[in-house]
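# Coordinates in review
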Amino acid sequence: MLTREDSFRYQLLSRLKMDCDYYLGYGNRKQSTLWAEGEKEQIATMKMLWNSFSDEDKPEWLTWEEILEYERKMCGEPSSISEDTN
């Protein structure tokens, strides 16, 4: 997945973000509404994708802090996985 072109990774990250929004809203916290079918797996995939971009190519529409906020809302406290500063 990380070897795919940037546009694919942006699209997948956007999809994962939309899934989180739905999960926290109308999805009633059903894991089946998540691409990864689990909260921790969804967040881990989002972190991996976000960190796969260079600093200048990181998406402006999703910050590291926002990913951590999704993690807090969906899983409790953020994990120790830190932002890769490339």
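Look up: the structure comes first, before these words.
Quick summary incoming for the structure in this document.

Rules used in this analysis
- Residues numbered from 1 in each chain as written.
- Predicted model: local features only at pLDDT ≥ 70, side-chain atom pairs only at ≥ 80, totals over all residues.
- Heavy atoms only, no water.
- Axes fitted to C-alpha atoms, helices over the stretch in contact; angles between N-to-C directions.
- Helix = DSSP H or I, 4+ residues; strand = E, 2+ residues; numbered from the N terminus.
- Left-handed = near helix turned anticlockwise from the far one by under 90°.
- Contact = heavy atoms within 4.5 Å.
- Nonpolar A, V, L, I, M, F, W, Y, C, P; charged D, E, K, R; others polar.
- Core = buried A, V, L, I, M, F, W, Y, C linked by side-chain atoms within 4.5 Å.
- Buried < 20%, exposed > 50% of the residue type's maximum accessible area, 1.4 Å probe, protein only.

Quick look at the packing of helix α1 (residues 6-24) against helix α2 (residues 39-51) now. It is the contact of α1 with α2, at a shortest axis distance of 10 Å, that shows an interaxial angle of 145°. Crossing of α1 against α2: the hand is left-handed. From α1, Arg9, Leu12, Leu13, Leu16, Lys17, Asp19, Cys20 and Tyr23 reach across to α2, where they touch Glu39, Gln42, Thr45, Met46, Leu49 and Trp50. Looking at the contact of α1 with α2 residue by residue, the class counts come to eight nonpolar, two polar and four charged.

Looking now at the nonpolar core. Within the largest apolar cluster, 16 residues are counted, with the highest numbers of intra-cluster contacts made by Leu13, Ile43, Met46, Leu62, Ile67, Tyr70 and Met74. For this core, the secondary structure elements donating two or more residues are α1, α2 and α3 (64-75). Contact partners of Met46, with chain neighbours within four places excluded, come to Leu13, Leu16, Lys17, Cys20, Leu62, Ile67 and Tyr70.

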